[in-house]
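# Descriptive structure summary
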Amino acid sequence: MAASKPVEPQSGSSLPRWQLALLIGTPIVLGVGAVYLWNRNKTKDSPGKRNGERTTPEGSASPVQGQDGAANRANRELEDMSPLDRAQGAKNKGNKYFKAGKYEQAIHCYTEAIGLCPRENQTDLSTFYQNRAAAYEQQMMWTEVVQDCTQAVEMNPRYIKALFRRAKALERLDNKKECLEDVTAVCILEAFQNQQSMLLADKVLKLLGKEKAKDKYKNRDPLMPSPQFIKSYFSSFTDDVISQPLQKGEKKDEDKDNEGEAAEVTESSGYLKAKQYMEEENYDKIISECTKEVESGGRYIAEALLLRATFYLLIGNATGAQPDLDRVINMEDANIKLRANALIKRGSMYMQQQQPMMSTQDFNMAAEIDTSNADVYHHRGQLKILLDQVEEAVGDFDECILLRPDSALAQAQKCFALYRQAYTGNSQSQVQTAMDGFEDVIRRFPKCAEGYALYAQVNVSPSDNATTHVHKGLLQLQWKQDLDLGLDLISKAIEIDNKCDFAYETMGTIEVQRGNLDKAIDMFKKAINLAKSEMEMAHLYSLCDAAYAQTEVARKYGLKPPTL
């Protein structure tokens, strides 16, 4: 798999997206809800409960002297009480009914409190509306919850309980956009310290992202990645027959140009013509030439099917790729390396589709039919890390390195797996051993992007690789806190490859954290148009929606999270 973006290990019940590389260790949280989670980590813990349910009604927002005793002074004449005291008495009575589970009576009392409360006592009045909303919530009367919380928020725009209760009701009413705005306001007001609101934000972001990506991805025009990305993708396979240059016998000696340019294929073969186009980086013609080979029943049908499937995957057309991969895998008389490569690519596709069991089956089958194929162990090692099976991942990377000692990707990723093991086990000596391994990989493979991403070795000779520049920029932010240089390196990545979606995504995330929300949204939109899978597009839509929600919260309530 090509060097591309960071992938987070699996946690909980949801499986994170499968990327074309495993590059973890960046300072920016690049998963769903990153623009919230970063701020959460930046803020110190505050005292008090943060994860408790907001289900009970409350006393007045500004305490009233003698409030507790008022409810018990049965002999006090109503005419001796002020309107506010009478409203507080009705509210206190409503609270008793609420705690007893008598929500109809509680609603009646809160309604009485609202009617009695002077209009100028806005803070108290907002509390009465919020308490009635809590009772409506217990009866699942979501429209009424929204209405009462809206009244409360209009009187007290930074009323956390009312905002969060309205957010939950809006979710029930399937109004995700306004739900996200409310819960974003809550997250900011709580300094990103309450897990309950953070989880709701994450949930709504994912749902919105999936909905938008499903429609956009289905109707989008296929987009060929940049030549740099395609080269990086194929470079992650060492036993891939279809990515090798034209071999002797595939082109005639007299066709070879004296100046070293690509030879012309004279044989009438769509596959060989496609291979020539690969050498010329004329990638847009490859699928059509492979189709000619398949339809004509040529001698390279298996190779053409696999090459066509690979480019279907590269342009994000998994539906087109799967039948071709299935055919190659089931060709028992085909080259073993072709079948193993098809299994690796189908297994990776299954991970993109969040089907880890089927992915594991394909990788295991590839290992069974081609035990000496280094690619199988390399890519299965990445899968094992995603599934938090780190010890097994190390074993696969070791097997890959044994077969291919010059595999920089496997060696860098093995170092990361060892680091995770050591860090989890709190072994400082093993952590240092892993870090020494990073240094050795960087020294021996200075062009290995994974080395830059996994270790803070930023003072190395520049590379023309866009992804490398992104990772080096992130490392500048993480280890040296050098924002200007980090952004400069990521901007350079976009100059090198204007189809580097990872660069746009990273830049957008940083701009959110700097408070430049409009620029961040623009970066995310560019990344969305370059997304290579529906799941990746959903992730990017989530980031974009999170940024947009913050612009709305800033406009409505003047709330902004802390920035870099």
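Remember, it's a predicted structure, so these values are computed and weren't measured experimentally.

Here is what the cut-offs are and how they apply
- Residues numbered from 1 in each chain as written.
- Predicted model: local features only at pLDDT ≥ 70, side-chain atom pairs only at ≥ 80, totals over all residues.
- Heavy atoms only, no water.
- Helix = DSSP H or I, 4+ residues; strand = E, 2+ residues; numbered from the N terminus.
- Buried < 20%, exposed > 50% of the residue type's maximum accessible area, 1.4 Å probe, protein only.
- Contact = heavy atoms within 4.5 Å.
- Areas by Shrake-Rupley, 256 points an atom, 1.4 Å probe, with all protein chains shown as cover.
- UniProt positions renumbered as here; feature names shortened; annotations may be inferred.
- 1 Å grid on protein atoms, 1.4 Å probe; cavity = no way out; pocket = protein on both sides within 12 Å on 5 of 7 lines; lining within 4 Å.
- Points joined across faces, edges and corners; volume = space filled by probe spheres on them.
- Nonpolar A, V, L, I, M, F, W, Y, C, P; charged D, E, K, R; others polar.
- Salt bridge = Lys/Arg side-chain N within 4 Å of Asp/Glu carboxyl O.
- Axes fitted to C-alpha atoms, helices over the stretch in contact; angles between N-to-C directions.
- Parallel < 35°, antiparallel > 145°, perpendicular 65-115°, else oblique.
- Left-handed = near helix turned anticlockwise from the far one by under 90°.
- Phe/Tyr/Trp six-rings, centres within 6.5 Å; stacked < 30°, edge-to-face > 60°.
- Lys NZ or Arg CZ within 6 Å of the ring centre and 35° of its normal.
- Core = buried A, V, L, I, M, F, W, Y, C linked by side-chain atoms within 4.5 Å.

### Some thoughts on the overall build of the protein
- Assigned secondary structure in the protein consists of 26 helices and zero strands.
- Out of the 564 residues belonging to the protein, those deemed buried represent 55%.
- Here the analysis covers contacts within the protein between residues at least 6 apart in sequence; of these, 62% occur between residues at least 24 apart.
- When the accessible surface of the protein is summed, it comes to about 25500 Å², and 47% of that surface belongs to carbon and sulfur atoms.

### Overview of the UniProt feature "repeat: TPR" (unreviewed entry) in the protein
- UniProt tags residues 87-120, 374-407 and 501-534 as "repeat: TPR" (unreviewed entry).
- This span, residues 374-407, is 79% helix and 0% strand, and a straight line between its end C-alpha atoms measures 9 Å.
- In the segment residues 501-534, helix accounts for 85% and strand for 0%; the C-alpha atoms at its two ends are 14 Å apart.

### Some details on empty space enclosed by the protein
- One pass over the structure, following the stated rule, counts two cavities of 30 Å³ or more.
- What the second largest cavity holds in volume is close to 40 Å³.
- Contributing to the lining of the second largest cavity are Leu223, Met224, Pro225, Ser226, Lys499, Leu530 and Lys532.
- Residues of the lining of the second largest cavity, tallied by class, amount to four nonpolar, one polar and two charged.

### Some points on the environment of Ala106
- With respect to the helices, strands and loops of the structure, Ala106 is situated in helix α4 (residues 103-116).
- For Ala106, a relative accessible area of 0% puts it in the buried group.
- When the C-alpha atoms of Ala106 and Ala135 are compared, they prove to be 6.9 Å apart, with 29 residues separating the residues in sequence.
- With near-sequence residues (within four places) excluded, Ala106 lies in contact with Gly94, Tyr97 and Phe98.

### What about the pattern of salt bridges?
- Applying the stated criterion across every chain, the model contains 28 salt bridges.
- In this structure, Glu211 and Lys176 form a salt bridge, with 2.7 Å as the shortest nitrogen-oxygen distance. Taken together, the residues span a long stretch of sequence, with Glu211 in helix α9 (residues 195-219) and Lys176 in helix α8 (residues 176-189) at a distance of 35 residues.
- The partner of Lys337 in a salt bridge is Asp239, and the shortest N-O contact between them spans 3.9 Å. Residue Lys337 is found in helix α15 (residues 336-352), and its partner Asp239 is found in the loop between α10 (227-235) and α11 (270-279); the two are separated by 98 residues along the sequence.
- Sharing partners across several salt bridges, the network here consists of Asp239, Lys337, Asp370 and Arg404.

### Quick notes on the packing of helix α3 (residues 83-99) against α4
- Running from amino to carboxyl end, α3 crosses α4 at an angle of 170 degrees, the nearest separation of the two axes being 8 Å. Comparing their axes, α4 and α3 come out roughly antiparallel. For α3 against α4, the interelement crossing comes out left-handed. Counted together, Pro83, Arg86, Ala87, Ala90, Lys91, Lys93, Gly94, Asn95, Tyr97 and Phe98 of α3 and Tyr103, Gln105, Ala106, Cys109, Tyr110, Glu112, Ala113 and Leu116 of α4 form the full contact between these two elements.
- Here the contact of α3 with α4 is composed, by residue class, of eleven nonpolar, three polar and four charged.

### Considering the packing of aromatic side chains
- For the coordinates displayed, the defined rule picks out six aromatic pairs.
- Look at Tyr233 and Phe234: their rings are 5.4 Å apart centre to centre, the planes differ by 80 degrees, and that puts the pair in the edge-to-face class. Across this residue pair, the class does not change: Tyr233 and Phe234 are buried.
- Put simply, the rings of Tyr233, Phe234, Phe237, Tyr283 and Phe311 pair up and form one aromatic cluster.
- The ring of Phe237 carries the charged tip of Lys345 above its face, separated from the ring centre by 5.1 Å.

### With respect to the nonpolar core
- Of all hydrophobic cores here, the largest spans 72 residues; its most connected members are Ile286, Leu307 and Phe311.
- Among the elements that take part in this core, helix α13 (residues 301-314) stands out by supplying ten residues, more than any other.
- Ignoring sequence-local partners within four residues, the contact set of Ile286 consists of Ala274, Tyr277, Met278, Leu307 and Phe311.
- One finds Tyr129, Ala162, Ala185 and Leu559 within the second-largest nonpolar core, a separate group that totals 50 residues.

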